[in-house]
Amino acid sequence: MAERKFTPFRWLFLPSGRQSGVLIATSAAGRARKVVAEIDFSALDEDEAHANATLICNAPDLYEALSDLLFICDQKGGADEPEEVRVARKILAKARGEG
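Counting of residues starts from 1 at the beginning of each chain's written sequence and follows it residue by residue. Reporting of local features is limited, given that this is a predicted model, to residues whose pLDDT is at least 70; pairs of side-chain atoms are given and counted only at 80 or more, and all residues count toward the totals for whole chains, interfaces and linings. Calculation of side-chain values draws on the structure's entire complement of heavy atoms; hydrogens and water are dropped beforehand.

**Q** Requested: an account of the pattern of salt bridges, with residues and values cited.
**A** Any Lys or Arg side-chain nitrogen located within 4 Å of an Asp or Glu carboxyl oxygen qualifies as a salt bridge. Counting across every chain of the model gives four salt bridges. With its nearest N and O atoms 2.5 Å apart, the salt bridge here joins R89 to D74. Taken together, the residues span a long stretch of sequence, with R89 in helix α3 (residues 83-95) and D74 in helix α2 (residues 59-76) at a distance of 15 residues. When a residue's accessible area, from a 1.4 Å probe over protein chains only, is under 20% of the maximum for its type it is buried; when over 50% it is exposed; and in between it is partly exposed. With a relative accessible area of 25%, R89 lands in the partly exposed category. Note that R86 is salt-bridged to E83, the shortest N-O span being 2.9 Å. Placement of both R86 and E83 in helix α3 is noted, with a separation of three residues, approximately one turn of the helix. Counting from the N terminus, the helices are the DSSP runs of H or I reaching at least four residues and the strands are the DSSP runs of E reaching at least two.

**Q** How would you explain the environment of L12 if you had to name every residue and give the values?
**A** Along the polypeptide, L12 turns up in strand β1 (residues 10-17). Sequence separation of L12 and V36 is 24 residues, and the distance between their C-alpha atoms is 9.5 Å. Any two residues whose heavy atoms approach within 4.5 Å are treated as being in contact. In this structure L12 touches V22, L23, I24, T26 and C57, once residues within four positions along its chain are discounted.

**Q** I'd like a description of α3, backed by residues and values.
**A** One fewer than the residue count of a helix, multiplied by 1.5 Å, yields its expected span. Compared with the 18 Å implied by 1.5 Å per residue over 13 residues, the 18 Å span of α3 between its first and last C-alpha is a close match. Residues of α3 that are buried include every one of V85, A88, L92 and A93, and no others. Along the axis of α3, the buried residues cluster in a sector spanning 135°; they form a single face. Residues of α3 that are exposed and point more than 90 degrees away from the buried face comprise E84, K90 and K94. Think of it as the arc spanned by the lines of direction from the helix axis to the C-beta atoms.

**Q** Describe a negative patch on the surface, naming the residues involved and giving the relevant values.
**A** Together, D45, E46, D47 and E48 line one region of the surface with negative charge. Looking at where E46 falls in the secondary structure, it is placed in helix α1 (residues 46-57). Patch building starts from residues that exceed 30% relative accessible area and form no salt bridge, then joins like charges within 9 Å and nonpolar side chains (Val, Leu, Ile, Met, Phe, Trp, Tyr) within 5 Å. Method for areas: the Shrake-Rupley scheme with a 1.4 Å probe, in which residue coverage is limited to the protein chains shown. For the charge count, each Lys or Arg is scored as positive and each Asp or Glu as negative, with His and the chain ends excluded. Positions of charges follow a simple convention, taking NZ of Lys, CZ of Arg, CG of Asp or CD of Glu.

**Q** Got a sec to walk through the nonpolar core? Specific residues and values, please.
**A** For our purposes a nonpolar core is just a set of buried Ala, Val, Leu, Ile, Met, Phe, Trp, Tyr and Cys residues, chained together by side-chain atoms within 4.5 Å. Core analysis: the biggest nonpolar cluster contains eight residues, these being W11, L23, A25, I39, F41, A49, A53 and C57. Sorting the residues of this core by element identifies β2 (20-26) and α1 as the ones contributing at least two each. Ranked by residues supplied to this core, first place goes to α1 with three residues. Formed by five residues, the second largest nonpolar core is a distinct cluster that contains Y63, L70, A88 and L92.

**Q** Mind laying out the packing of α1 against α2, listing which residues take part and the relevant values?
**A** Axes here mean lines fitted to C-alpha atoms, for a helix over just the part in contact, with angles spanning 0 to 180 degrees between N-to-C directions. Relative orientation of the contacting elements α1 and α2 amounts to 45°, with a least axis distance of 4 Å. With respect to each other, α1 and α2 are oriented oblique. Contacts between α1 and α2 involve L55, I56 and C57 from the former and A59, P60 and L62 from the latter. Residues are grouped as follows: Ala, Val, Leu, Ile, Met, Phe, Trp, Tyr, Cys and Pro are nonpolar; Asp, Glu, Lys and Arg are charged; all remaining types, including Gly, are polar. Grouping the constituent residues of the contact of α1 with α2 by class yields six nonpolar, no polar and no charged. Angle categories are assigned with fixed cut-offs, so that under 35 degrees is roughly parallel, over 145 is roughly antiparallel, 65 to 115 is roughly perpendicular, and the rest are oblique.

Right, dumping it as structure tokens:
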């Protein structure tokens, strides 16, 4: 399995105004903080902006869950993978910057 290159830890969104905010990564203990991205919502309505920030914040967890599911698929083996598994592999490679 390829090593992840993205910032580890839990990601949180902190609004810094009505139309912007920052995405930060915090360690499990909450002591270490690193800015991952700055987000500008000026072209979006508030609900859409919040939904986008929530999705981005959960991207590391989604990556780990998909990696775990594909690991289980690898353990079960089988030459005939469903199309959904092949698509999941491509998406994970793309998230790693390989595709």
